[in-house]
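Descriptive structure summary
This is what each chain is made of:
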Amino acid sequence: MNNFYQSVYEMASKIPKGKVTSYGRLAVLLQSPRAARAVGYALNSLKKDDLQKVPWQRVINSQGKISIKGDHFRASLQRRLLEEEGIVFDENDSIDWDKFGWP
DNA sequence: ATCGTGACGAACG
DNA sequence: CCGTTCGCCACGA
């Protein structure tokens, strides 16, 4: 199916390991600069199977922080996965866009 | 077709 | 840095 979700997943798959981007940035790359919220909605809808195909953990908010709400387990998992890729979180739980930002 | 919703974001105080 | 406010969007009930 060719919907917004699909494009989000495809674009997210282009994020190199060890790098991250924001929902808003991803929206811009998808030619929908104001659909940041929809991007988050799309990633939130990822099914168990797709979780292993799409690097969902490489998408965080514009402030450089994990943005998952509600599911603490999943949130901590995201941080762990990113740290395993070499991404570093500072004392404020945020990353340095100049070092790990993509594109 | 209408309406509520939420892994957003920029602007403020 | 932290919480709040308001605008925006695709999706599904």
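Residues numbered from 1 in each chain as written. Chains lettered and ligands numbered in written order. Predicted model: local features only at pLDDT ≥ 70, side-chain atom pairs only at ≥ 80, totals over all residues. Heavy atoms only, no water.

Further remarks concern the protein's contact with DNA strand B. Surrounding DNA strand B, one finds 16 residues, the nearest of these being Tyr23, Gly24, Arg37, Ser62 and Ser67. The share of sugar and phosphate among atoms of DNA strand B within 4 Å of the protein is 49%. Contact between DNA strand B and tyrosine 23: a base nitrogen at 2.5 Å from a side-chain N or O atom of the residue. Serine 67 places a polar side-chain atom, nitrogen or oxygen, 2.3 Å from a phosphate oxygen of DNA strand B. Mapped by element, the contributors of at least two residues to the surface near DNA strand B are α2 (23-29) and α3 (36-44). Of the residues belonging to the surface near DNA strand B, the class tally is six nonpolar, seven polar and three charged. (Near = heavy atom within 4 Å. Polar contact = N/O pair within 3.5 Å; in protein donor to acceptor, adjacent residues only side chain to side chain. Helix = DSSP H or I, 4+ residues; strand = E, 2+ residues; numbered from the N terminus. Nonpolar A, V, L, I, M, F, W, Y, C, P; charged D, E, K, R; others polar.)

In this approach, a probe sized like a water molecule rolls over the atoms, and the result shows the empty space that is left. Empty space within the largest pocket amounts to approximately 350 Å³. Counting residues per element, the ones that place at least two in the lining of the largest pocket are α3 and α4 (72-84). Counting residues per element, the lining of the largest pocket draws most heavily on α3, which supplies three residues. Here the residues of the lining of the largest pocket sort into five nonpolar, four polar and three charged. (1 Å grid on protein atoms, 1.4 Å probe; cavity = no way out; pocket = protein on both sides within 12 Å on 5 of 7 lines; lining within 4 Å. Points joined across faces, edges and corners; volume = space filled by probe spheres on them.)

For helix α1 (residues 4-12), the full list of buried residues reads Val8, Tyr9, Met11 and Ala12. Down the axis of α1, the smallest arc covering the buried residues is 165°, so these residues share one side. In this fold, the buried residues of α1 make contact with α2 and α3. (Buried < 20%, exposed > 50% of the residue type's maximum accessible area, 1.4 Å probe, protein only. Arc of directions from axis to C-beta. Contact = heavy atoms within 4.5 Å.)

Moving on: the side chain of serine 22. Inspection of the secondary structure puts serine 22 in strand β1 (residues 21-22). The exposure class assigned to serine 22 is buried, which follows from its relative accessible area of 10%. Contact partners of serine 22, with chain neighbours within four places excluded, come to Val59, Ile60, Asn61, Ser62 and Trp97.

Once that is clear, we can look at α4. Along its 13 residues, α4 runs 18 Å from first to last C-alpha, staying within 8% of the 18 Å computed at 1.5 Å per residue. Residues of α4 that are buried: Arg74, Ala75, Gln78 and Leu82. Within α4, the buried residues cover an arc of 105° as seen down the axis, which keeps them to one side. In α4, the exposed positions that point more than 90 degrees away from the buried face belong to His72, Phe73 and Glu84. Of the surrounding secondary structure, the elements contacted by the buried residues of α4 are α3 and β2 (59-60). Sitting at the amino-terminal end of α4 is aspartate 71, which places a side-chain oxygen 3.2 Å from the backbone nitrogen of phenylalanine 73. Downstream of α4 by one or two residues, glycine 86 has phi in the positive range, about 100°. (Expected span 1.5 Å × (residues − 1).)

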